[in-house]
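Geometric and topological summary
So you can see what is in the structure, the chains are spelled out below.
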Amino acid sequence: MTVKCLIWDLDETLWKGTLLETEHVTVSDEIRRVISELDARGILNSVASKNDHEHAWARLRALGLDRYFVVPEIGWGTKSAAVRRIAERLGFAHHTVAFVDDQPAERAEVAYHLPDVRCFPAEQASALPDLPEFQPVVTEESRHRREMYQASFHRTAEREGFTGPDEDFLRSLAMVLRVTRAAEPDLDRVEELTLRTSQMNATGVHYPKTVLRSLLADTAHDVLIASLTDRFGSHGSIALMLLERGLAAWRLKLLAASCRVVSFGVGSVLLSWLGTQAARAGAHLIADFRRTERNRMMAITYRFMGFRPDSCTCHVPPTEGNLLHLIPAEGTPPSTMRLIAPDLLAHRTACPGRTSI
């Protein structure tokens, strides 16, 4: 599993020296290279350090490195508690987080309380980019992942200070959700969405690029990708739908969305739009769903939108997993965002009379 965030200790790990003993701590060129290389690959950097926060952050700023680190935890509590808080703020599962520290006792403490977090000694830090788990598929979007997360923290801070109804705040964001058919240049990001999403992933199934390319060429399938922007900037490509369209039923083989946009209701908006499209085609809507340890939110979203595990003549029950069924009706436009999406019926080509299972 690819690492999404590397959490650094500071003293004798990120920099040489102990800050409480000397102001002249330094960062080697090798460590600078690791930080910038991981950032360019879309892997976030953070800090869990036992230090005075203001003192340590001022030193990171003086070293020109502060901009690389998100949600730093600098204080006097346990490292495991700091790592846990970082993962929670980022919405990352523990198995996607790594921790590097020079002290065996600190690594052992984190490993004991958070066994899924991968721990590395400081002397291995310069070699981390060479490990397979630090080599994700790199897209143009992933190169800007840190900036997207930093914008999301500003957005969250403003939301917490907003005194009116949450729906009014969402309207104030001036969100635009755009759905397009994926093309060859999008495939790296499409594959990445099948790998990186977990809370809002309906099946947990990874679709490699070769399979996605074959779906692009199949007239019975639509590979749809959604992007979101607001007044704080772009969220990037945040959702994926793999759809097979038959005459009796449309089958949503995968809905996957970034956890960063869960609170904006993007999943419900996409399902409402898709239901409207299917209703206009006179087709039922069925959706693949496989419960995982992390996708309870997706199960709630499907249920909220009216999907049920009902049997129907429009489809054959699957041999594994579940198919959720909906007799769709035309929905209303979203009230909190502008939706720009294609008319799937206008581009419809010959499809089989029944979806294949």
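The coordinates are above.
Let me sum up the structure you'll find in this document.

Conventions used here
Residues numbered from 1 in each chain as written. Predicted model: local features only at pLDDT ≥ 70, side-chain atom pairs only at ≥ 80, totals over all residues. Heavy atoms only, no water. Phe/Tyr/Trp six-rings, centres within 6.5 Å; stacked < 30°, edge-to-face > 60°. Buried < 20%, exposed > 50% of the residue type's maximum accessible area, 1.4 Å probe, protein only. Lys NZ or Arg CZ within 6 Å of the ring centre and 35° of its normal. Helix = DSSP H or I, 4+ residues; strand = E, 2+ residues; numbered from the N terminus. Expected span 1.5 Å × (residues − 1). Pairing = 2+ DSSP bridges. Axes fitted to C-alpha atoms, helices over the stretch in contact; angles between N-to-C directions. Contact = heavy atoms within 4.5 Å. 1 Å grid on protein atoms, 1.4 Å probe; cavity = no way out; pocket = protein on both sides within 12 Å on 5 of 7 lines; lining within 4 Å. Points joined across faces, edges and corners; volume = space filled by probe spheres on them.

Let's talk about the packing of aromatic side chains
All chains considered together, the criterion is met by six aromatic pairs. With a centroid separation of 5.0 Å and an interplanar angle of 70°, the aromatic rings of Tyr302 and Phe307 are classed as edge-to-face. On the basis of relative accessibility, which here comes to 0%, the residue Tyr302 falls in the buried class. The exposure class of Phe307 is buried, given its relative accessible area of 3%. By the ring-pair criterion, three or more aromatic residues cluster together here, those being Phe92, Tyr149 and Phe153. Over the face of the ring belonging to Trp250 we find Arg245, whose NZ or CZ atom lies 5.6 Å from the ring centre. Lying across the ring of Tyr149, Arg260 places its NZ or CZ 5.4 Å from the centre.

With respect to helix α9 (residues 266–281)
End to end, α9 covers 23 Å across 16 residues, agreeing with the expected 22 Å (1.5 Å per residue, within 8%). Along α9, the residues that are buried comprise Val266, Gly267, Val269, Leu270, Leu271, Trp273, Leu274, Gly275, Thr276, Gln277 and Ala278. Phi for Gly282, located one or two positions after α9, is positive at around 70°.

Concerning the environment of Glu88
Here Glu88 lies in helix α3 (residues 79–90). Sequence separation between Glu88 and Ala257 is 169 residues; the distance between their C-alpha atoms is 18 Å.

Quick word on the sheet that holds strand β2 (residues 44–50)
Spatially, five strands are ordered β3-β2-β1-β4-β5 in an open sheet, and the strand pairing comes out parallel. Looking at which strands have only one partner, the edges of the open sheet turn out to be β3 (73–75) and β5 (118–121). Averaged over all pairs of adjacent strands, the angle between their axes in this sheet comes to 20°, without regard to strand direction. Where strand β4 (residues 97–101) and β5 come together, four bridges link them in parallel fashion. Pairing of Val100 across the sheet is with Phe120, part of β5. Along the sheet, helix α1 (residues 29–40) makes contact with β1 (5–8) and β2, crossing β1 at roughly 150°.

Side note on empty space enclosed by the protein
Tallied over the full model, the rule gives two cavities of 30 Å³ or more. Size it by volume and the largest cavity reaches roughly 170 Å³. Taken together, 15 residues form the lining of the largest cavity, with Lys4, Tyr149, Arg196, Ser258 and Cys259 sitting closest to its centre. For the lining of the largest cavity, the secondary structure elements donating two or more residues are α5 (145–161) and α7 (187–196).

These figures come from the coordinates and say nothing about function on their own.
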